[in-house]
Amino acid sequence: MAPLFDWWAKDSHRGTPVVVKMENPNWSMVELEGPSEEDFLTTDSPSRLGRDKSRNKNAKQLTWVLLLKAHKAAGCLTSIATAMVTLGSAIKRRIHSGRTDIETTDIDRENENPTVKTRFYTFIKIFLWLSVLLLGFEVAAYFKGWHFGAPHLQLQYLLAMPFGFQDIFDSLYSRWVLFRVEYLAPPLQFLANACIVLFLVQSIDRLVLCLGCFWIRFKNIKPIPKQDAVADLESGENGFFPMVLVQIPMCNEKEVYQQSIAAVCNLDWPKSKILIQILDDSDDPTTQLLIKEEVNKWQQEGAHILYRHRVIRDGYKAGNLKSAMNCSYVKDYEFVAIFDADFQPTPDFLKRTVPHFKGNEELGLVQARWSFVNKDENLLTRLQNINLAFHFEVEQQVNGIFINFFGFNGTAGVWRIKALEDSGGWLERTTVEDMDIAVRAHLHGWKFIFLNDVECQCELPESYEAYRKQQHRWHSGPMQLFRLCLPAIIRSKISIWKKFNMVFLFFLLRKLILPFYSFTLFCIILPMTMFIPEAELPAWVVCYIPATMSFLNILPAPKSFPFIVPYLLFENTMSVTKFNAMISGLFQLGSAYEWVVTKKSGRSSEGDLVSLAKKETKHQRGSSEPNLEELKEEIMQQDQKDKKKKKHNRIYMKELALAFLLLTASARSLLSAQGIHFYFLLFQGISFLLVGLDLIGEQVQ
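For every chain, the first residue of the written sequence is number 1, and numbering continues from 1 onward in sequence order. Where totals are concerned, whole chains, interfaces and linings use all residues; where local detail is concerned, this predicted model gives features only for residues with pLDDT of at least 70, and gives and counts side-chain atom pairs only at 80 or more. The side-chain values count all of the structure's non-hydrogen atoms but skip hydrogen atoms and water molecules.

An unreviewed UniProt entry annotates the chain as Glycosyltransferase 2-like domain-containing protein of Populus tomentosa. UniProt positions are given in the numbering used here, feature names are shortened, and annotations may be inferred rather than shown by experiment. Regarding the chain, the UniProt comment filed under Subcellular location (unreviewed entry) reads as follows: "Golgi apparatus membrane". You can read under Sequence similarities (unreviewed entry) in the UniProt record for the chain the words "Belongs to the glycosyltransferase 2 family. Plant cellulose synthase-like C subfamily."

Now the structure itself:
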């Protein structure tokens, strides 16, 4: 019996056991051991019969494994096919019935003009067929022997070809080639080279910023308040507690007013040393009543809070803040903290920011960074988080440490009121009043501090429509401001280096050149070089440097590394909106003065729920303490109700037009055997298509 057991053990070891786990309706292989070396021996031996049986057994098991793999692959293909059919039907439905981006937001879906939709749908079909015909022309030329690889053109073959009536296609195509060689390629190549130079300059600037951020982390450099200021805070009411004015400007933002008011009312600061102004510009009577009622509740709890509504609502946010600063009681306060309606500062916010002002009379602004309660809500918010993490972690921190200047973010900051007054106060001349006051304060010699370790929670736009409008305002306003501030910058008494930094780096390079070359180089020149191969873009311009820059951009948000490719494609897609906004601001076009309040969803964090629970406990004395889980359930139920509301998508014509251009150019690149160019154009075209059909982010109610 012992030899029998030994033989069975050896045979069992030489076998190839397969453990298969069934996950209905699919199969998945958990483990497959490879055959031993003895299984491949072919010489005769006493144990050959056993090995033959083992091989037969292994062959059957391998057959079963292959069948399971084939079954799984077939299931995946079926799922992909179903998903593609679903996506195709959704695209057709949205193109046929979606709103265009030129329509106003207050038009009901039932009242939309069907003629506009029909014309737009027809335009898309004509443009698509035209692109296909042009591509067919190139394909026909390719099969007739016109094998031109960029940038080498076989002119000898072209000039030696006889032109006759029987070769009318060759005649037309040869004239087209000669025309583009002589007239189209040189200016296109010149423009491409100019954009490459701008691209390299901007990349060097981005690299220097990243090295500065690395140095700050390596040396652990950060602004630290004086020890006596911190000690004064710890000493209690008799310590360093200057008079602080807190302002919350808002306009028709009923989704977020409760949590923002609760957050500022819970700030850990002596009640006699703080005044909260709720600056309500809402034109909706219901929203006004809700906000006023919320303020009254907190007043009854002892909070020093006032409700203020303007009769004449001019100047948007700048006009609102300017009107509030004109109140007679403002002269009693030394500092002002500003929070937008969706911002929720932590209770220790003032204790971590105000002490930096003590003993530093040149300090005009202390800016905190933003954190986002909904950064993982969808792909759009994840990509925004990458951008803003780089903005705060790298741009703001490096500029704050090394040159004491950066653009005020408009919220989550504390100003010395004397600095605001010395700089001329809030002006309504642009849609970026925060950047305006920061530039004027810097020209008057005031210094800024950025605190990277002090965070203030807020929301990111969850729909592409809201994000697009926000980015338009953020990129048109700086160009307006540049036109207005350039003479003042030149005449100012600051150093030449500071003037260079403000004019070239702050305005031209990061606000004008960046959107210009991103749009021109990757959305216009690159696809044009596919149809005019005599002008070329090197592979390092198309792939390697953009990938490196995207890698550097994503370093402050390491958890977002899986989204590095979508981030690169999405940034190029957004260059259309940013370029359009930059042009409108630079040349003072009508859209430069548009101000649309960014749509909020009212997302609540764990801390928000706790503060709301405490607030409800105060308002309902004698009642039992609210259950946090019940509050969560109520919020989830409300979100589900909102999801059931009718939603729609918009169709963005510029993005769709560029999508067809890029996809056509990607097909043309195959004829020139340009692999990297093909993949970049293909995925970039798909990115434009998804954005143009509003398939990214949440739908708009």
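Caption draft 1: Molecular detail of unusual backbone geometry. With a phi angle near 55 degrees, Tyr 316 is a residue other than glycine that sits in the positive phi range. Examined against the element boundaries, Tyr 316 turns out to sit in helix H9 (residues 316-325). Exposure categories follow from relative accessible area, calculated using a 1.4 Å probe and restricted to protein chains: below 20% of the type maximum is buried, above 50% is exposed, and the middle band is partly exposed. Residue classification places Tyr 316 among the partly exposed positions, given a relative accessible area of 42%. We note that Asp 694 has phi near 60 degrees; this positive angle belongs to a residue other than glycine. For Asp 694, the location among the structural elements is in the segment after helix H21 (675-692). Runs of E in the DSSP output that reach at least two residues are strands. Runs of H or I that reach at least four are helices, and both are numbered from the N terminus.

Caption draft 2: Quick peek at the pairing of strand S5 (residues 274-280). Burial analysis of S5 places 7 of its 7 residues in the buried class, which makes it a mostly covered element. Along S5, one buried face is formed by Ile 274, Ile 276, Ile 278 and Asp 280 and the opposite face, lined by Leu 275, Gln 277 and Leu 279, is buried too. Two strands are said to pair when DSSP picks up at least two bridges between them. The pairing of strand S4 (residues 244-250) with S5 spans 7 bridges and is parallel. By the bridge assignment, Gln 247 is partnered in S5 with Gln 277. For a crossover, the right-handed case is the one in which the path from the first strand over the helix to the second runs clockwise, viewed with the strands pointing away from the viewer. At this point the chain moves from S4, through helix H7 (residues 257-265), to the parallel S5, and the crossover so formed is right-handed.

Caption draft 3: Highlighting the pattern of salt bridges. Any Lys or Arg side-chain nitrogen located within 4 Å of an Asp or Glu carboxyl oxygen qualifies as a salt bridge. The full count for this structure, using the stated rule, is 18 salt bridges. Two residues, Asp 348 and Arg 352, come together in a salt bridge whose shortest N-O distance is 4.0 Å. Judged by relative accessible area, Asp 348 falls into the partly exposed class, the value being 30%. A residue is classified by how much of its surface remains accessible, and Arg 352, at 34% relative accessible area, is partly exposed. Arg 440 is the partner of Asp 436 in a salt bridge, and the nearest nitrogen-oxygen pair spans 2.9 Å. One end of the pair, Asp 436, and the other, Arg 440, are both in helix H13 (residues 433-443), 4 residues apart, so they sit about a helical turn from each other. Arg 440 sits in the buried class, given a relative accessible area of 9%. One salt-bridge network, in which partners are shared between bridges, spans Arg 217, Arg 369 and Glu 393.

Caption draft 4: Region of the structure containing H9. Burial within H9 is extensive, with 7 of its 10 residues counted as buried. Any two residues having at least one pair of non-hydrogen atoms within 4.5 Å are treated as being in contact. Turning to H9, the residues buried within the fold contact S4, S5, strand S6 (305-309), helix H12 (417-422) and H13.

Caption draft 5: Spotlight on the packing of helix H17 (residues 564-586) against H21. Interaxial angles span 0 to 180 degrees and are taken between N-to-C directions of axes, which are lines fitted to C-alpha atoms, for helices over the stretch in contact. Where H17 meets H21, the closest approach of the two axes is 9 Å, and the angle between their N-to-C directions is 60 degrees. Compared by their axis directions, H17 and H21 come out oblique. Crossing of H17 against H21: the hand is right-handed. Along its contact with H17, which presents Leu 569, Phe 570, Asn 572, Thr 573 and Val 576, the element H21 presents Phe 680, Phe 683, Gln 684, Ser 687, Phe 688 and Val 691. Note on residue categories: nonpolar means Ala, Val, Leu, Ile, Met, Phe, Trp, Tyr, Cys or Pro, charged means Asp, Glu, Lys or Arg, and polar means any other residue, Gly included. Across the contact of H17 with H21, the residue classes break down as 7 nonpolar, 4 polar and no charged. The scheme is simple: roughly parallel for angles under 35 degrees, roughly antiparallel for over 145, roughly perpendicular for 65 to 115, oblique for anything else. The handedness criterion is simple: a crossing whose near helix is rotated anticlockwise from the far helix by less than a right angle is left-handed, and one whose near helix is rotated clockwise is right-handed.

Caption draft 6: Structural view of empty space enclosed by the protein. In this analysis, the protein atoms alone were mapped onto a 1 Å grid. Cavities are point sets where a 1.4 Å probe fits without being able to get out; pockets are open sets with protein on both sides within 12 Å along at least five of seven lines; lining residues have an atom within 4 Å of a point. Grid points are joined across faces, edges and corners, and a volume is the space filled by probe spheres set on the points. One pass over the full model with this rule turns up 3 cavities of 30 Å³ or more. Of the voids in this model, the second largest cavity is the one considered here, and its volume is about 40 Å³. Lining of the second largest cavity is provided by Val 264, Cys 265, Leu 267, Trp 269, Lys 271, Ile 274, Ile 276, Ala 303 and His 304. When residues of the lining of the second largest cavity are traced back to their parent elements, those giving at least two are H7 and S5. Considered class by class, the residues forming the lining of the second largest cavity number 7 nonpolar, 1 polar and 1 charged.

Caption draft 7: How the structure looks around the packing of aromatic side chains. Here is the rule: rings of Phe, Tyr and Trp (six-membered ring for Trp) pair when centre to centre is within 6.5 Å. Planes less than 30 degrees apart are stacked, more than 60 are edge-to-face, and the remainder are tilted. What the rule picks out here adds up to 28 aromatic pairs. Relative to Phe 448, the ring of Phe 406 has its centre 5.6 Å away and its plane inclined at 65 degrees; by these criteria the two rings are edge-to-face. With a gap of 42 residues between them, Phe 406 in the loop between helix H11 (379-403) and strand S9 (413-416) and Phe 448 in strand S10 (residues 447-458) connect regions that are remote in the sequence. Through successive ring pairs, a cluster of aromatic residues spans Phe 343, Trp 370, Phe 392, Phe 405, Phe 406, Phe 408, Trp 415, Phe 448, Phe 450, Phe 482, Phe 506 and Phe 507. We count a charge as sitting over a ring when the NZ of a lysine or the CZ of an arginine lies within 6 Å of the ring centre and within 35 degrees of the ring normal. It is Lys 511 that lies over the ring of Phe 506; its NZ or CZ is 4.3 Å from the centre.

Caption draft 8: Quick look at H7. Of all 9 residues that make up H7, 8 are buried, and the element is covered over most of its length. Taken as a whole, H7 has its buried residues at Tyr 257, Gln 259, Ser 260, Ile 261, Ala 262, Ala 263, Val 264 and Cys 265. For H7, the elements touching its buried residues are S4, S5, helix H8 (285-300) and S6.

Caption draft 9: Local environment of the confidence of the model for the chain. Here the chain averages 79 in pLDDT, while 68% of its residues score no lower than 70. As a per-residue measure, pLDDT tells how confident the predictor is, with possible values from 0 to 100. By mean pLDDT, strand S2 (residues 26-32) is the weakest element of the chain at 40, and S9 is the strongest at 98. Predicted confidence for residues 1-45 stays below pLDDT 50, and this span has 55 contacts to residues more than four positions away or in other chains. For residues 605-628, every residue scores under 50 in pLDDT, and the model assigns this stretch 29 contacts once sequence neighbours within four places are set aside.

Caption draft 10: Representation of the UniProt feature "transmembrane region" (unreviewed entry) in the chain. In the numbering used here, UniProt assigns the "transmembrane region" (unreviewed entry) feature to residues 126-143, 190-216, 503-531, 651-670 and 676-696. From the first C-alpha to the last, residues 190-216 spans 39 Å; its make-up is 100% helix and 0% strand. The straight-line gap between the two end C-alpha atoms of residues 676-696 is 25 Å; of that span, 81% is helix and 0% is strand.

Caption draft 11: Examining the nonpolar core more closely. Nonpolar cores are built from buried Ala, Val, Leu, Ile, Met, Phe, Trp, Tyr and Cys residues. Side-chain atoms within 4.5 Å join them into one set. By size, the foremost hydrophobic cluster in this structure holds 85 residues, and its most contacted members are Leu 350, Trp 415 and Val 439. Take this core: its biggest share by element is 7 residues, from S10. Among all residues touching Leu 350, those that are not within four sequence positions of it are Val 244, Leu 267, Trp 269, Ile 274, Ala 337, Pro 355 and Val 414. Ranked by size, the runner-up nonpolar core spans 36 residues in total, among them Ala 192, Leu 505, Ile 513 and Phe 680.

Caption draft 12: Representation of the sheet that holds S6 in the model. Spatially, 7 strands are ordered S6-S5-S4-S7-S9-S8-S10 in an open sheet, and the strand pairing comes out mixed. The open sheet has two free edges, formed respectively by S6 and S10, since each of these has just one partner strand. With direction set aside, neighbouring strand axes in the sheet form an average angle of 20 degrees. H8 rests against S4, S5 and S6 of the sheet, and its axis sits at about 160 degrees to S6.

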